[in-house]
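# Observations on the model geometry
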Amino acid sequence: MNLTSKQRIVLLTLTTEWQTPIQIVNELPKASGNLSDVQEALKDLLRIGLVQINPAVFGLYRLTTEGITIKWRVTYTRG
């Protein structure tokens, strides 16, 4: 799976706990993105099934099982 650098950064920042885009931005290094970059990456990751949105509370995201697997691969196969 080919992820853009922004998608990869957001994927690596996300956890299995529900997070808002603002929380994600606050965990990123300053040069890694802004709120609109994070929101765009979240939409992309949601579309490909790596992230899920909370059905009860708007604006909360977390990794799916597949997202956890891809995050692990990205984390441990970086050369």
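Model, not experiment: these values are computed from the prediction.

## Concerning the side chain of Asn 54
Among the structural elements, Asn 54 can be located in the loop between β1 (51-53) and β2 (61-63). Those residues in contact with Asn 54, other than ones at most four positions away along the chain, are Trp 18 and Leu 60.

## Some words on the packing of aromatic side chains
Tallied over the full model, the rule gives 1 aromatic pair. Seen in terms of ring centroids, Trp 72 and Tyr 76 are 5.3 Å apart; in terms of plane orientation they differ by 40°. Their pairing is tilted. Pair noted here: Trp 72 and Tyr 76 are both in helix α4 (residues 65-76), with a separation of 4 residues, about one helical turn. For the residue pair Trp 72 and Tyr 76, the accessibility class agrees, reading exposed in each case.

## A look at the environment of Gln 52
Looking at the secondary structure, you find Gln 52 in strand β1. With a relative accessible area of 27%, Gln 52 lands in the partly exposed category. Residues Gln 52 and Trp 18, spaced 34 residues apart in sequence, show a C-alpha to C-alpha distance of 9.3 Å. Those residues in contact with Gln 52 that sit more than four places away from it in its chain are Trp 18, Leu 46, Leu 60, Tyr 61, Arg 62, Leu 63 and Thr 64.

Reading the values: the criteria
- Residues numbered from 1 in each chain as written.
- Predicted model: local features only at pLDDT ≥ 70, side-chain atom pairs only at ≥ 80, totals over all residues.
- Heavy atoms only, no water.
- Helix = DSSP H or I, 4+ residues; strand = E, 2+ residues; numbered from the N terminus.
- Contact = heavy atoms within 4.5 Å.
- Phe/Tyr/Trp six-rings, centres within 6.5 Å; stacked < 30°, edge-to-face > 60°.
- Buried < 20%, exposed > 50% of the residue type's maximum accessible area, 1.4 Å probe, protein only.

Take it as geometry only, folks, not as evidence of what the structure does.
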